[in-house]
Amino acid sequence: MLGDGPIVKLALAFGALSLVSVGGAPAMMPEIHRLAVVVNSWHTNAEFARDMALAQSAPGPNFMMISLVGWRVAGFPGLMAATLAAIIPSSIIAFIVGRLYTRFSQKEWFNVARSALPPIVLGLIVASGVVTAGAAVSGAIGFGIVIMSAAIVALTSRNPLVAIGAGALIGLIAGRLGFL
Amino acid sequence: MKNERDSSKSLDGRPITLGELFMGFAQMGLYGFGGVATIARHIIVEKRRWMSEYEYASVLGMGQILPGGNIINMTIILGDRFQGPLGSIVALSGLMIMPTIILLALTTIYDAFAANPDVRAATVGAGAAAAGLIIGLGLKMGRNLKLRPIHLAFALATFICMAVLRLPFIGVVLVMTPLCIAATFWSRRNAG
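Residues numbered from 1 in each chain as written. Chains lettered and ligands numbered in written order. Predicted model: local features only at pLDDT ≥ 70, side-chain atom pairs only at ≥ 80, totals over all residues.

Counting secondary structure elements, chain A contains seven helices and zero strands. Counting from the amino terminus, chain A carries its helices and strands in the arrangement α-α-α-α-α-α-α. Expressed along its principal axes, the backbone C-alpha trace of chain A runs to roughly 60 × 45 × 25 Å. Counting every position in chain A, which comprises 180 residues, the buried fraction comes to 56%. Considering only residue pairs separated by 6 or more positions, chain A has 59% of its internal contacts joining residues 24 or more positions apart. (Helix = DSSP H or I, 4+ residues; strand = E, 2+ residues; numbered from the N terminus. Buried ≥ 20, exposed ≤ 12 C-beta atoms within 10 Å, placed from the backbone. Contact = placed C-beta atoms within 7 Å.)

Okay, here's the thing in structure tokens:
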């Protein structure tokens with residue numbers, strides 16, 4: 001299990017990502033894609049899109065895409081390695097900062113950082129969606145579904161499962177009609 | 001804000017036990033579709049009254065500026081505040097265990113039918129929708145933020161670095177974040 005096996009690769013890759021991943025899982029998607037598809041060839045583009053849909057269809061933190069990548073690569077040990085590696089480093093920082101919070105919250109730099117981060121996160125998240133769509137989606141129907149799903153989330157407060165379900169249904173119909 | 005309030009207890013002054021932490025976070029995990037942020041506020045502030053709206057916003061704000069999953073960070077900080085380090089572990093387990101089991105069950109069921117052409121076509125559609133969800137989440141966030149021009153410029157620059165120039169994630173974050181903090185600091189100084 002040690003050496004340069006997949007478990008070690010998973011742990012190192014997600015452990016490093018954990019320390020710089022502002023914006024949480026939605027912003028991390030291109031980096032997860034790069035690790036899983038481009039660098040390590042754990043997934044094809046189509047498999048990556050499939051797993052993203054599965055992760056979004058289950059309840060729970062968006063973060064679970066990372067657990068699923070680990071599961072696909074090395075079963076239960078892979079799942080544990082990827083999940084814990086992605087959680088532990090950032091959680092230690094959160095734990096320490098949480099304890100120091102009362103000291104930080106009055107400081108001007110803390111409030112400046114708090115108002116300066118959302119624009120970066122916003123840029124990262126929209127780019128994340130565009131990059132993953134570009135990598136994992138093809139054809140006019142695919143991109144039509146991307147736009148529909150983005151509109152459902154941006155303009156309504158419906159459960160995102162509605163968008164996934166609608167996407168699946170359109171895919172099914174398009175497949176039956178021979179468009180996919 | 002009352003300063004005397006003991007923030008390690010609920011708004012009613014009740015201690016929040018390990019059991020309640022586990023159950024509360026398990027609820028958030030199970031009801032959180034497309035991310036946990038919305039349902040977390042509802043459960044923590046309204047339903048279980050663990051903390052006030054203001055306290056919740058500041059803990060979540062802290063979770064957002066730290067690296068890692070925003071909700072994961074918030075879970076760690078709340079668990080520790082109510083029950084110490086063990087509280088963090090219990091809260092995080094509550095949040096993750098059931099959703100992980102559901103995800104693996106879903107994956108296993110899916111894999112059993114993956115060869116079916118209808119399932120395959122539906123998956124292509126669902127995968128496209130999943131990418132769209134992320135774009136929609138960003139757009140919704142942008143609409144709610146009401147950014148000032150300088151911040152809008154940074155959002156756009158970050159987007160271009162990632163989506164057009166395809167620069168590495170880690171580099172973009174490590175360069176853009178300090179620049180944006182410096183610009184915010186500078187614009188505050190000039191405004192004040």
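With 89 residues of chain A in contact, the opposing surface of chain B contributes 84 residues. For the side of chain A that touches chain B, the secondary structure elements donating two or more residues are helix 1 (6-20), helix 2 (24-39), helix 3 (45-57), helix 4 (64-104), helix 5 (108-136), helix 6 (139-155) and helix 7 (161-176) of chain A. Across the side of chain A that touches chain B, the residue classes tally to 62 nonpolar, 23 polar and four charged. (Nonpolar A, V, L, I, M, F, W, Y, C, P; charged D, E, K, R; others polar.)

A word on the domain arrangement of chain B. Splitting chain B by domain gives domain 1 (1-116) and domain 2 (131-192). Relative to domain 2 of chain B, the C-alpha centre of domain 1 of chain B lies at a distance of 27 Å. (Domains from an automatic or database assignment.)

Turning to the nonpolar core, a few remarks are in order. Among soluble globular proteins, nonpolar side chains are generally buried collectively. Ranked by size, the top nonpolar core spans 115 residues in total, and within it L10, M65, I66 and A82 of chain A together with A129, A130 and A131 of chain B carry the most contacts. With 15 residues, helix 4 of chain A is the single largest residue contributor to this core. The residues that make up this core include at least three from each of domain 1 (1-116) and domain 2 (131-192) of chain B. (Core = buried A, V, L, I, M, F, W, Y, C linked by C-beta atoms within 7 Å.)

Residues and elements named next belong to chain B. Positive phi, normally seen in glycine, also occurs at R49, with a value near 50 degrees. Position of R49 among the secondary structure elements: in the loop between helix 2 (37-47) and helix 3 (53-65). Phi at R166 is positive, roughly 55 degrees, even though this residue is not glycine. Tracing the sequence through the fold places R166 in the loop between helix 6 (149-164) and helix 7 (169-191). Residue class for R166 comes out partly exposed when judged on the 14 C-beta atoms lying within 10 Å of it.

With 16 residues, helix 6 of chain B should cover 22 Å at 1.5 Å per step; its first-to-last C-alpha distance of 21 Å lies within 8% of that length. Among all positions in helix 6 of chain B, only H151, F154, A155, T158, F159, C161, M162 and A163 of chain B are buried. If you follow the buried residues of helix 6 of chain B, they end up packed against helix 2 and helix 5 of chain A together with helix 5 (117-145) and helix 7 of chain B. Immediately downstream of helix 6 of chain B, the backbone of R166 of chain B shows phi near 55 degrees, a positive value. (Expected span 1.5 Å × (residues − 1).)

On average, residues of chain B score 90 in pLDDT, and 97% of them are at 70 or above. As a predicted assembly, this complex carries a pTM of 0.86 together with an ipTM value of 0.87. (pLDDT = per-residue confidence, 0-100.)

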